[in-house]
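Single-letter residue listing:
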Amino acid sequence: MFRSLAALLLLSAAALADTSDGDALKGMTWEQVVDQARGGTVNWFMWGGSDTINAYVDGYVAERLKADYDITLNRVPITDAADIVNQVLTEKEAGVTDAGSVDLIWINGENFRSMKQADLAFCGYTAMLPNDGLVNWDNPAVANDFGVPVDGCEVPWNTVQFAFAHDSAKTPEPPADMAALLDWIKANPGRFTYPAPPDFTGSAFLRHVFIHAAGGPDSLLGPFDQAKFDEVSAKTWAILNEIEPSLWREGATYPTTVTQLNELFANGEVDFSFNYDPAQFGLAVEAGTWPDTTRSFGLSDGTIGNTNYTLIPFNSPNKAAAMVVQNLLLSGEAQLEKAKTEVWGAAPAIEIARTAPEVQSGFAAIKTHPSVIPASELAKAALPELQADWLTAIEKGWMETVGN
Amino acid sequence: MTDRSRIALMLAPALLVLGGLFLTGLGLTLLRSFRYMPALGLTEPDLAAYTAVLTAPGFLRSLGLSLWIATASTAIAALLAMAAALLLRQSFPGRALVSFLIQLNLTVPHIVGAIGMLYLVSQSGSFARLAKAAGLIAGPQDFPALTQDPWAIGIILLYVWKELPFITLILLANLQALGEDHEATARTLGATRWQAFAHVLLPLMLPGLMAASALVFAFAFGAYEVPLILGAHAPKALPVLAWQAANDTDLAARPEAMAMAVLIAGIGLVLLALYARAARSRHVD
Amino acid sequence: MSTSLRTLAALALMAFLILPLLPLAVWSLAQGWRFPDILPAELSTTAWAYALSPQSGVLESFGITTLIATATTLIAALVGLPAGRALGLYRFRGRGLVVLLLLAPAILPGIAVVFGLHGILLRAGLAGTVAGVILAHLVPVLPYMTLVLAAVFSRFDPTYEQQARTLGATPWQAFRTVTLPAILPGLLTAALFSFLVSWSQYLLTLAVGGGRVQTLPLLLYGFAAAGRNDLTAAIALLYILPGLLILALTARQITGRNTALVSGARP
């Protein structure tokens, strides 16, 4: 412990080889990058609320990095990736261009858009990673992050699809689609709520209602359209204001985070929770937080799916080592490890068919947690993610017209 | 070396640290609140951020909420602390334990207290469970909403819990320094117990009470982590709102966060003046 | 007030003071504890095992938090000693202003200072470092240390020092053998409370440390925000341990004699 304290005190001493110059790295071969990466330290900022995910990163990933590349992985737990975007932004504003504090971020959506817009991301290197070949970049849901082209600025890590959780002992027959869910809410006052945006998950729920109000996603794909937004949002606010008196605490207040919603669900105060990453349901049951009778479901009119990524900021001083971490995370073995139910249960971001035979059989042998709806089941009715500008407009409109 | 330069030398390190960090920090915040940020190409200071903040309904509601939280917490804590201090001056069984608990509470960080309070008084918390077991409520929805509630009751409860011991300790120290004599003298001169309290003890306690209350008010007004844990989604307590604006990825929101910080500092300065006055009349500074 | 009424009031006060800590103790041993269970169906030590495992980072965080609080206290004592002496022993022009400058950081809400402070430390290359966090913690800690020491020195008689000097003691000897023993009790109490003030900081550490300096309150909030009540409770209890320890060292019947304790306390 004291060694790590000393290391912290001596801050920059950890950076043996400064690899802040991204352009130089792009001119190297992968072997040269790995050489540069050896002995480096990577400060990886990621949501730290799940002990199982933490254990995967600190255990499997960190140990392999140390053994294979002599790279030290320093997982920095955070509660919101937006804080870290802001931190990099503040560093840029203060002229910190090659000694940033962040080497890697777990990110997607509006935070990615912000980083790309403000030129905060290291871009154009991802094809150098040997495991990049496992990624199906022809899939628009991978090549675009909430409609924003990835452009070699981030590397996919997981794919997720939104799902609902219910307690089969209390609500054996959950609603089948959005219309039925809205009817259910009105018929069961006080038993449903959703987190207020800007909560990530609450915002995703809003988009489901928004797409429902639009009669499907087709007219919403593509760049932001103010006229279309005005038309659909009017219907959306009408729906949400109509169900508001039937929500938990009569809609006078909303949970501020999905965690609060999870807590309400755990204590039977509401009958549904939901999450972008259905694997979380299984983890909550295993942690004893949720009842064993928890089950999950999608909607027949579809739920939104997306991909989440890892990104290297423009001012990371350890870019080579961060690239090696990204490459490792993308490998068939690492993706298989985190897909295991007892490890995390996360759906892979790579094409399983492109991996080695033993990895493929490993994936085939995985049995999903009974509380987690299999990804293949959910994928039968999937909705695309709207572009980030829609998302911002919906969140802002909600705060002004519904959640005020 | 003259006395003057010796004093200056002795004060220099402390003034350097506080001047360099605290005053410069405030100055930087002030500059940025006037939208003076050369790094972003903003070189024409203006008041746009203040206009934006003061005309946004969110800010005024948050300001109102924070003032309410601070006022209610301080008033309740001060009243209860007076009672507790008077109680602790007398002997009764368990006095040692109470004074231990009061000191224990002083050492517990706010964030721990807030989490404990959440587990205790939320609609599915320990009290709600006891109420359910006693058959008083059918489910969590029947239990009064004390957290994430419009009146910020959970937040106020937490501050009362945390600051009551603080004020009590200060009052006890003051009372101890005064001794029992004044009160006893008044009683022998024929004052009733109440008169002795109202005309002798209370005026003597008041400066200490005022000073402690100013500190408590300032803290309850400006603390971030307690409303973060116990507060509702809207309106947010002012510090939470300011922090959120400062972390907005939209750069335009940042000067607004700075303007909020400056306004909060302004209210803090008023409190500082009050405290300085109270402290002066207490001859402790 | 009759004795029974007094006892009743004391009982109510005791209950109020202890109640919010009880659910934490139970949660740290709970494996699934949902409404309407008054006690967990199953007790488990998983949370404690995880909190105490090197993997969770709690112990490392405990070390960093201790390091920061200790360093902050030491620096504050070194800087605060001469300043406290000047304020306690001398009347001089501008003294009121100095006192006001010392009071300001203690009274102004942290959120008012935190953005600018972060800006300064960022430019100094100290944001996101332990050293930067220590400097930031000095802002609320140093005023307390200085003001408490000023109160201590105002009761100190410097003629003893002069006597020692006339008897041939060097300034250092005079300080060590005369001044230090006289101010030691006050200095120690001030130090203990300075430690606690630094130990409890959340916002300053979050802003200046940028998540890279993971002190216990940050780690604690991370688990609370993720809804792991069992882990949160275990870490929360670990977090109040030093406070308990300090209390055990300083606790005595409240008599008011320990005024340094009170003047060092903060809300």
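For the structure, check the block above.
Predicted model, so just to flag it, every value in this text is computed and none were measured. (Residues numbered from 1 in each chain as written. Chains lettered and ligands numbered in written order. Predicted model: local features only at pLDDT ≥ 70, side-chain atom pairs only at ≥ 80, totals over all residues. Heavy atoms only, no water.)

Glancing now at the sheet that holds strand 8 (residues 272-275) of chain A. Within a beta sheet, neighbouring strands are joined by backbone hydrogen bonds and run either parallel or antiparallel to one another. All names here are of chain A. Ordered in space as 8-7-9, the three strands form an open sheet in which the pairing is antiparallel. Each edge of the open sheet is held by one strand with a lone partner, namely strand 8 and strand 9 (294-297). Neighbour-to-neighbour, the strand axes of the sheet open up by a mean angle of 30°, direction not taken into account. Here four bridges tie strand 7 (residues 163-167) to strand 9, and the two strands are oriented antiparallel to one another. Considered in strand 9, the bridge of His166 is made with Arg295. (Pairing = 2+ DSSP bridges. Helix = DSSP H or I, 4+ residues; strand = E, 2+ residues; numbered from the N terminus. Axes fitted to C-alpha atoms, helices over the stretch in contact; angles between N-to-C directions.)

Another point: the pairing of strand 6 (residues 154-161) of chain A. All names here are of chain A. Counting buried positions over the eight residues of strand 6 gives seven, a clear majority of the element. Of the strand pairs in this sheet, strand 6 and strand 10 (residues 303-311) are connected by seven bridges, and their pairing is antiparallel. Bridging across to strand 10, Gln161 finds its partner in Gly305. As defined by bridge partners, strand 6 adjoins strand 11 (residues 347-348) across two bridges and the pair is classed as antiparallel. Pairing of Thr159 across the sheet is with Ala347, part of strand 11. (Buried < 20%, exposed > 50% of the residue type's maximum accessible area, 1.4 Å probe, protein only.)

Before going further, it helps to spend a moment on unusual backbone geometry. A cis amide bond links Ala234 of chain B to the next residue, Pro235 of chain B, at an omega of -10°. Within the element layout of this structure, Pro235 of chain B appears in the loop between helix 10 (225-230) and helix 11 (238-246). The residue after Phe35 of chain C, namely Pro36 of chain C, is reached through a cis peptide bond having omega 0°. Phi is positive for Glu250 of chain A, close to 55°, though the residue is something other than glycine. Tracing the backbone through its elements, the reader meets Glu250 of chain A in the loop between helix 10 (226-243) and helix 11 (258-266).

On to the interface of chain A and chain B. Residue-level contacts link 22 residues of chain A with 23 residues of chain B. Summed over both sides, the interface between chain A and chain B buries roughly 1800 Å², with carbon and sulfur atoms accounting for 43% of that surface. Considering only the surface of chain A that becomes buried against chain B, Asn86, Glu93 and Arg249 of chain A emerge as the three largest contributors, covering 32% of it. Summed over the shared surface of chain A and chain B, the result is two salt bridges. Ionic pairing is found between Arg32 of chain B and Glu93 of chain A, a salt bridge with its closest N-O pair at 3.3 Å. Taken together, chain A and chain B are joined by 14 residue pairs in polar contact (both at pLDDT 80 or more). The leading source of residues in the side of chain A that touches chain B is helix 5 (residues 81-93) of chain A, at seven residues. Partitioned by chemical class, the residues of the side of chain A that touches chain B number eight nonpolar, nine polar and five charged. (Contact = heavy atoms within 4.5 Å. Buried area = accessible area lost by both parts, 1.4 Å probe. Salt bridge = Lys/Arg side-chain N within 4 Å of Asp/Glu carboxyl O. Polar contact = N/O pair within 3.5 Å; in protein donor to acceptor, adjacent residues only side chain to side chain. Nonpolar A, V, L, I, M, F, W, Y, C, P; charged D, E, K, R; others polar.)

So, about the interface of chain B and chain C. Contacts between the two partners involve 101 residues from chain B and, on the opposite side, 96 residues from chain C. Where chain B abuts chain C, roughly 8700 Å² becomes buried across the two surfaces, and 81% of that area is made up of carbon and sulfur atoms. Area buried by chain B at its contact with chain C is led by Phe22, Tyr119 and Arg129 of chain B, which between them contribute 9% of it. Between the two partners, chain B and chain C, sit zero salt bridges. Remark: the boundary between chain B and chain C carries 11 residue pairs in polar contact (both at pLDDT 80 or more). Of the residues forming the side of chain B that touches chain C, the biggest block, 21 residues, is contributed by helix 1 (residues 3-33) of chain B. Within the side of chain B that touches chain C, the residues separate by chemical class into 71 nonpolar, 19 polar and 11 charged.

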